[in-house]
Amino acid sequence: MEIRVTATPDAKPRGTRLPRLARRRQLLSAAQEVFVENGYHAAAMDEIADRAGVSKPVLYQHFPGKLELYLALLDLHVDDMVNRVREALASTHENKLRVQATFQAFFDFVSSQGEAFRLVFESDLRNVAPVRQRVERSLQECAEMVSALIQEDTGCTSDEAHLLGVGLVGMAEVSARYWVTTHGSIPKDAAEQLLARLAWRGISGFPRTA
């Protein structure tokens, strides 16, 4: 699933009337740029409005406050991450390829335009309850999808399968985020394959019962 929040110029001419949904996308695009550049606490609604080329009253018509704006943007991107993993797991019935596709999903997410992953994983709001809950829920949902397949194919108990699912998702998330900090010192596809191979050598050791 591709999030249609595209980059905006630093300022847009004011006065153009847009349908509500198009205006909302425009405001979210501008907000993403400002939040990624400055962090939540340093971001100002004035700057977001200027970046979108609207007045502050127009911005507040759509979002009553900065936190609501941030949460709307966060919801888009955690949904995107979960959908990428869901599509990866459904893309094949071969488990080795599923592992590869899952790592690719996380690497694709952290490589997506606009550095949206920073809003999810590197926010200065991670300790704020609504933000923490959304991020934790999205990772939990990914882990549950993985663990359901593990339990289906192995003799693992539900608790064992869930722990394995959490471990695999955590490995994919942390390694993908670390890879971004290396600025591509290892090519993306090579990094994905390297980590998928490591994960597969572990998870394939559990005998299949299905």
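These figures come from a predicted structure and were not determined experimentally.

Reading guide: rules and limits
Just so you know, the residues in each chain are numbered from 1, in the order the chain's sequence is written. Given that the model is predicted, a residue must reach a pLDDT of at least 70 before its local features are reported, and side-chain atom pairs must reach 80 or more before they are shown or counted; all residues, however, enter totals for whole chains, interfaces and linings. Only hydrogens and water are set aside when side-chain values are computed; all heavy atoms of the structure are taken into account. Here the axes come from fitting lines to C-alpha atoms, over the contacting stretch only for helices, and the angles between their N-to-C directions go from 0 to 180 degrees. Numbered from the N terminus, helices here are DSSP runs of H or I no shorter than four residues, and strands are runs of E no shorter than two. Roughly parallel covers angles under 35 degrees, roughly antiparallel covers those over 145, roughly perpendicular covers 65 to 115, and oblique covers all other angles. We call a crossing left-handed when the near helix sits turned anticlockwise from the far one by less than a right angle, and right-handed when that turn is clockwise. We call two residues in contact whenever any of their non-hydrogen atoms come within 4.5 Å of each other. Put simply, buried Ala, Val, Leu, Ile, Met, Phe, Trp, Tyr and Cys residues joined by side-chain atoms within 4.5 Å make one nonpolar core. Type-normalised accessible area, obtained with a 1.4 Å probe on protein chains alone, sets the label of each residue: buried when under 20%, exposed when over 50%, and partly exposed for intermediate values. Throughout the structure description, domain borders are defined by an automatic or database domain assignment. By buried area we mean how much accessible surface two parts lose on assembly, using a 1.4 Å probe and totalling the loss over both. Nitrogen and oxygen atoms within 3.5 Å of one another constitute a polar contact, given that in protein one can donate a hydrogen and the other can accept it, and given that sequence-neighbouring residues count only through two side-chain atoms. All residues other than Ala, Val, Leu, Ile, Met, Phe, Trp, Tyr, Cys, Pro, Asp, Glu, Lys and Arg, Gly among them, are scored as polar; the first ten of these are nonpolar and the last four charged. Counting rule for disulfides: a pair of cysteine sulfur atoms within 2.5 Å. Pairing of aromatic rings covers Phe, Tyr and Trp, the last counted by its six-membered ring, and requires centre-to-centre distances within 6.5 Å; plane angles under 30 degrees mean stacked, over 60 mean edge-to-face, and any other angle means tilted. Lysine and arginine charges are scored as sitting over a ring when NZ or CZ, respectively, is within 6 Å of the ring centre and within 35 degrees of the ring normal.

S.K.: Hey, could you run me through the packing of helix α5 (residues 95-111) against helix α8 (residues 158-181) in this one?
M.R.: When two helices pack together, their arrangement is given by the angle between the helix axes and the distance between those axes. Viewed as axis vectors pointing N to C, α5 and α8 meet at an angle of 40 degrees, and their least axial separation amounts to 9 Å. Considered as vectors, α5 and α8 are oriented oblique to each other. Viewed along their axes, α5 and α8 form a crossing whose handedness is right-handed. Touching Phe 103, Phe 106, Phe 107, Val 110 and Ser 111 of α5 are Leu 168, Val 169, Met 171, Ala 172, Glu 173, Ser 175, Ala 176, Arg 177, Trp 179 and Val 180, all from α8.

S.K.: What is the right way to look at the nonpolar core in this model?
M.R.: Across soluble globular proteins, you tend to see nonpolar side chains buried next to one another. Within the largest apolar cluster, 62 residues are counted, with the highest numbers of intra-cluster contacts made by Phe 35, Ile 48, Leu 69 and Phe 106. Contributing elements (two or more residues each) for this core: α1 (20-38), α2 (45-52), α4 (66-90), α5, α6 (117-121), α7 (129-153), α8 and α9 (188-203). Looking at this core, the element that brings in the most residues is α4, giving 12 residues. No fewer than three residues from each of domain 1 (19-64) and domain 2 (67-203) sit in this core. In contact with Leu 69, other than residues within four places in its own chain, are Leu 28, Ala 31, Phe 35, Met 45, Ile 48, Leu 59 and Phe 63.

S.K.: Mind showing me how you'd approach the domain arrangement of the chain here?
M.R.: It is common to give the size of an interface as the accessible area that goes away when the parts come together. Structurally, the chain comprises domain 1 (19-64) and domain 2 (67-203). The straight-line distance from the C-alpha centre of domain 1 to that of domain 2 is 28 Å. Facing 14 residues of domain 1, the contacting portion of domain 2 comprises 16 residues. When domain 1 packs against domain 2, close to 1,300 Å² is buried across both sides, 75% of that on carbon and sulfur atoms. The tally of links between domain 1 and domain 2 comes to 4 residue pairs in polar contact (both at pLDDT 80 or more). Sorting the residues of the side of domain 1 that touches domain 2 by element identifies α1 and α2 as the ones contributing at least two each. The leading source of residues in the side of domain 1 that touches domain 2 is α1, at 6 residues. Of the residues assigned to the side of domain 1 that touches domain 2, the class counts are 10 nonpolar, 3 polar and 1 charged.

S.K.: Which parts of the structure should I look at to understand the state of the cysteines?
M.R.: In protein chemistry, a disulfide is the covalent bond that joins the sulfur atoms of two cysteines. For the coordinates displayed, the defined rule picks out 0 disulfides. No disulfide involves Cys 142; its sulfur sits 20 Å from that of Cys 156, the nearest cysteine. Among the residues examined, Cys 142 registers a relative accessible area of 0% and is labelled buried. Given the relative accessible area of 10%, Cys 156 is considered buried.

S.K.: What's the story with the packing of aromatic side chains in this structure? I'm lost.
M.R.: The geometry of an aromatic ring pair comes down to the distance between the two centres and the angle between the two planes. By the definition in use, this model includes 5 aromatic pairs. An aromatic cluster is built from Phe 35, Tyr 40 and Tyr 70, whose rings are joined through pairwise contacts. Between the NZ or CZ atom of Lys 66 and the centre of the ring of Tyr 40, over which it lies, the distance is 4.4 Å.

S.K.: Hey, could you run me through unusual backbone geometry in this one?
M.R.: Generally, phi is negative for residues other than glycine and the peptide bonds are trans, each holding for most cases. The backbone phi angle of His 183 is positive, close to 55 degrees, even though this residue is not glycine. Inspection of the secondary structure puts His 183 in the loop between α8 and α9.

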